[in-house]
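Reading the structure
Letter by letter, the chains look like this.
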Amino acid sequence: MSAFIQQLPALIGVIVGALGSYVATTRGDQARFRREQAARWDERRLTAYTDFARALKKTVTLTYRLASHLGNDPHPHPLSPEEAAPHLAEATDARDPAGEALLMLGTPDVVATAREWVVTVLTMEQFLRDQIQNPETWSSMLEKQRAARERYYAAVRRDLALPPGHSGNWQLPPAQTP
């Protein structure tokens, strides 16, 4: 019995060491799992955010071209309403699944700014479907669309903890006439 009592502190030390090692390993594994899980969701959210922006931007580009046909925009490649219709339908079809992924994975702030951007683009589309010829109103709509897009990208950057980015408002040199 006395030999057992003499070895008891060493045995307790081994048990405490084993438990400490188990707890440290378990906590480390849990922390690593949470980091990896967060990184996977960040990647998926970035993909959803990017797909949505790409799909909506396709619609925006088509509206520029259609507005050019109506005399509202200086886009160099105008599209008539007849030519634009199937492209706009295709862009809308691509936007719907991207919007669903955004709803599923996006934060409330990002989804709210995405909705604001979409509503602005839908207003632009309606303006063009009505075949209104008013370059000043169109220019105002473009500014609203650019501001909504900028707010969307800012919300995405905040959600993904990215640094601030460029507004995307490019200042192009005036077109030169020959």
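Residues numbered from 1 in each chain as written. Predicted model: local features only at pLDDT ≥ 70, side-chain atom pairs only at ≥ 80, totals over all residues. Heavy atoms only, no water.

Quick notes on a nonpolar patch on the surface
Among the surface-exposed residues, Phe4, Ile5, Leu8, Leu11, Ile12, Ile15, Val16 and Leu19 lie close enough to one another that they form a single nonpolar patch of about 730 Å² accessible area. Within the secondary structure layout, Val16 lies in helix α1 (residues 2-69). (Patch = residues over 30% accessible without salt bridge, like charges linked within 9 Å, V, L, I, M, F, W, Y side chains within 5 Å. Areas by Shrake-Rupley, 256 points an atom, 1.4 Å probe, with all protein chains shown as cover. Salt bridge = Lys/Arg side-chain N within 4 Å of Asp/Glu carboxyl O. Helix = DSSP H or I, 4+ residues; strand = E, 2+ residues; numbered from the N terminus.)

A short note on the environment of Ile132
On the secondary structure map, Ile132 appears in the loop between α3 (108-129) and α4 (135-159). Between the alpha carbons of Ile132 and Ala67 there is a distance of 9.0 Å; along the sequence they are 65 residues apart. Residue contacts for Ile132: discarding those within four places in its chain leaves Leu70, Asn72 and Phe127. (Contact = heavy atoms within 4.5 Å.)

What to know about the layout of surface pockets
A water-sized probe rolled over the atoms picks out the places where empty space is left. For the second largest pocket, the calculated volume is near 200 Å³. For the lining of the second largest pocket, the elements supplying multiple residues, two or more each, are α2 (81-105) and α3. Ranked by residue count, the leading element in the lining of the second largest pocket is α2, at six residues. (1 Å grid on protein atoms, 1.4 Å probe; cavity = no way out; pocket = protein on both sides within 12 Å on 5 of 7 lines; lining within 4 Å. Points joined across faces, edges and corners; volume = space filled by probe spheres on them.)

So, the pattern of salt bridges
Enumeration over the complete set of coordinates arrives at nine salt bridges. Between Asp42 and Arg45 there is a salt bridge, with the nearest N and O atoms lying 2.6 Å from each other. Taken together, the residues span about one helical turn, with Asp42 and Arg45 both in helix α1 at a distance of three residues. Its relative accessible area of 13% is what places Arg45 among the buried residues. Here Arg129 makes a salt bridge to Glu125, at a shortest N to O gap of 3.9 Å. Within this pair, Arg129 and its partner Glu125 are both found in helix α3, separated by four residues, close to a single helical turn. Residue classification places Arg129 among the exposed residues on the basis of a relative accessible area of 52%. Residue classification places Glu125 among the buried positions, given a relative accessible area of 7%. Linked through salt bridges whose partners overlap, the residues forming this network are Asp42, Arg45 and Asp159. (Buried < 20%, exposed > 50% of the residue type's maximum accessible area, 1.4 Å probe, protein only.)

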